[in-house]
Amino acid sequence: MKQIVMTAPRQSKIIDVPIPDIKPDQLLVKVTYTGMCHSEWYPWSTAKAGDVFGHESVGVVAKAGSAVKNFRPGDRVTGLGGGGYKEYIVMDEAKTVHVPDNVRDEDALAEPLDCILSAAGKLMPELPGDRVAVVGCGYMGLGVISLFKISGYLHIIAVDKRREALENARKMGATECYTPEEVPAEYILDWEAIRKPDLTRDGHAADLFGVGLSKVMEFSGTPDGLELAGKMVCAHGRLGVGGYHNDSLREVDFKLWNFKALDVLNCHERRIDYENSLSARAMELLSSGLWKFTGMGTHIYDMEEFDRANADMESHAGNFIKGLVRC
């Protein structure tokens, strides 16, 4: 079978490897698509020979182990594990879910969907009609905006550097859209707004609770996006960090965060059983039509185009939202 393997930074090749064997509780899955995750862009750009990537797969069961109970050959499946940029992967039955008949393969990449569900769940509204901001409107940001819309938020403020990303955000349910330079002063509680921290409790130059927002989700994955998101949180508000910051260390104005007494929530998920339950929930929500997060696979590539696909993801060529590699 074919598999994509890195040869150097930004350079890959396709090699032939054996089709893997499976254990009694496993499935051999013929991959249809592997989704491109931006968390792997930096590792691709700095790769060494032999590195392999891919963790967002959807496909068809080619063979089921003797102990498998809930799947059979021909079933469309998605889930967690198994790798991705190769023609066949091995999946544990416990980490696999069915793809409903009315959900397209292109929309059924469970791994990023369950990450979005997990992140959104950590920043739910307290009451219907609440406000929230999302900084970073790529695939993950758009997904969380669409979830916030059906979860009770009435006002969703979207922030991104790219106009086309903001247009996408509005389609997903954002009610206000700004580039970083356009964010209204009423949404920024930084030192300029505060002017001087008053630790005597005798008052401040700004309304610490009336300036900024009580909930802000960051999905930019960049230093400036994280900084802006922190500035947009009001006193005792919550900052959800959903962006994957793996290209370098981050420096934040923790004095500002400290003074504002904000809660910082790491919105990533490592509980595999919980993630797998969210994979099933994501398929259910898509199938029901409640979560209208479809059609995001804007760019589809063959395996031979893997390096160009990553370059397109880097530049957001052609309103790039989500790339899929056909395996």
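Scope of this entry: the structure provided in the associated data block. (Residues numbered from 1 in each chain as written. Predicted model: local features only at pLDDT ≥ 70, side-chain atom pairs only at ≥ 80, totals over all residues. Heavy atoms only, no water.)

1. A look at the packing of aromatic side chains
We apply this condition: Stacked, tilted and edge-to-face are the three classes applied to pairs of Phe, Tyr and Trp rings, where Trp contributes its six-membered ring and a pair requires centres within 6.5 Å; stacked means planes under 30 degrees apart, edge-to-face means over 60, and tilted covers the rest. Each helix is a run of DSSP H or I of at least 4 residues and each strand a run of E of at least 2, with the numbering of both proceeding from the N terminus. Partly exposed residues are those whose accessible area sits between 20% and 50% of the maximum for their type, while under 20% is buried and over 50% is exposed, using a 1.4 Å probe and protein chains only.
This model, assessed by the stated rule, comprises 8 aromatic pairs. Between Tyr139 and Phe293, the aromatic rings sit 5.1 Å apart at their centres with planes inclined by 45 degrees, giving tilted as the arrangement. Highlighted residues: Tyr139 in helix H3 (residues 139-151) and Phe293 in the loop between helix H8 (272-288) and strand E14 (299-302), separated in sequence by 154 residues. There is no split in this pair, since Tyr139 and Phe293 are both buried. Between Phe148 and Tyr153 the ring centres are 4.9 Å apart and the planes differ by 70 degrees, which places this aromatic pair in the edge-to-face class. For the pair shown, Phe148 and Tyr153 are each scored as buried. Through a chain of ring-to-ring contacts, the aromatic side chains of Tyr139, Trp291 and Phe293 assemble into a single cluster.

2. What to know about the environment of Gly141
The residue Gly141 is located in helix H3 in this model. Judged by relative accessible area, Gly141 falls into the buried class, the value being 0%. Gly141 sits 17 residues away from Ala158 along the chain, and the two C-alpha atoms are 8.8 Å apart.

3. Focus: the environment of Ala206
How we decide: It only takes one pair of heavy atoms within 4.5 Å for two residues to be counted as in contact.
By secondary structure assignment, the location of Ala206 is in the loop between helix H5 (191-194) and strand E11 (213-218). Here Ala206 falls in the buried class, since its relative accessible area comes to 13%. When neighbours within four sequence positions are excluded, Ala206 is seen to be in contact with Leu189, Ala193 and Ile194.

4. Things to note about the pattern of salt bridges
So the rule is basically this: Any carboxyl oxygen of Asp or Glu that lies within 4 Å of a side-chain nitrogen of Lys or Arg is treated as forming a salt bridge with it.
Scanning all chains against the criterion turns up 21 salt bridges. Here Lys2 and Glu304 are joined by a salt bridge, their closest N and O atoms 3.5 Å apart. A residue pair is termed long-range when its members are at least 10 positions apart, and Lys2 in strand E1 (residues 2-8) and Glu304 in the loop between E14 and helix H9 (306-315) qualify at 302 residues. Exposure remark for Lys2: the relative accessible area of 28% places this residue in the partly exposed category. Judged by relative accessible area, which is 55%, Glu304 ranks as exposed. Where Lys161 meets Asp224, a salt bridge forms, and the shortest distance between an N and an O atom there is 2.6 Å. On the criterion of sequence distance, the pair formed by Lys161 in the loop between strand E9 (155-159) and helix H4 (163-172) and Asp224 in helix H6 (residues 223-231) is long-range, its members being 63 residues apart. Lys161 sits in the exposed class, given a relative accessible area of 58%. Connected via shared salt-bridge partners are Lys122, Glu269 and Arg271.

5. Topic: the nonpolar core
Heads up, the condition is: By nonpolar core is meant a set of buried Ala, Val, Leu, Ile, Met, Phe, Trp, Tyr and Cys residues that side-chain atoms within 4.5 Å join together.
By size, the foremost hydrophobic cluster in this structure holds 45 residues, and its most contacted members are Ile145, Phe148, Met217, Trp291 and Phe293. At the level of elements, helix H2 (110-121), strand E8 (131-135), H3, E9, H4 and H8 are the ones that each hand at least two residues to this core. Among all residues touching Trp291, those that are not within four sequence positions of it are Leu113, Ile116, Leu117, Gly143, Ser146, Leu147, Ile150, Ala282, Leu285 and Leu286. One finds Tyr178, Leu189, Val241 and Trp257 within the second-largest nonpolar core, a separate group that totals 27 residues.

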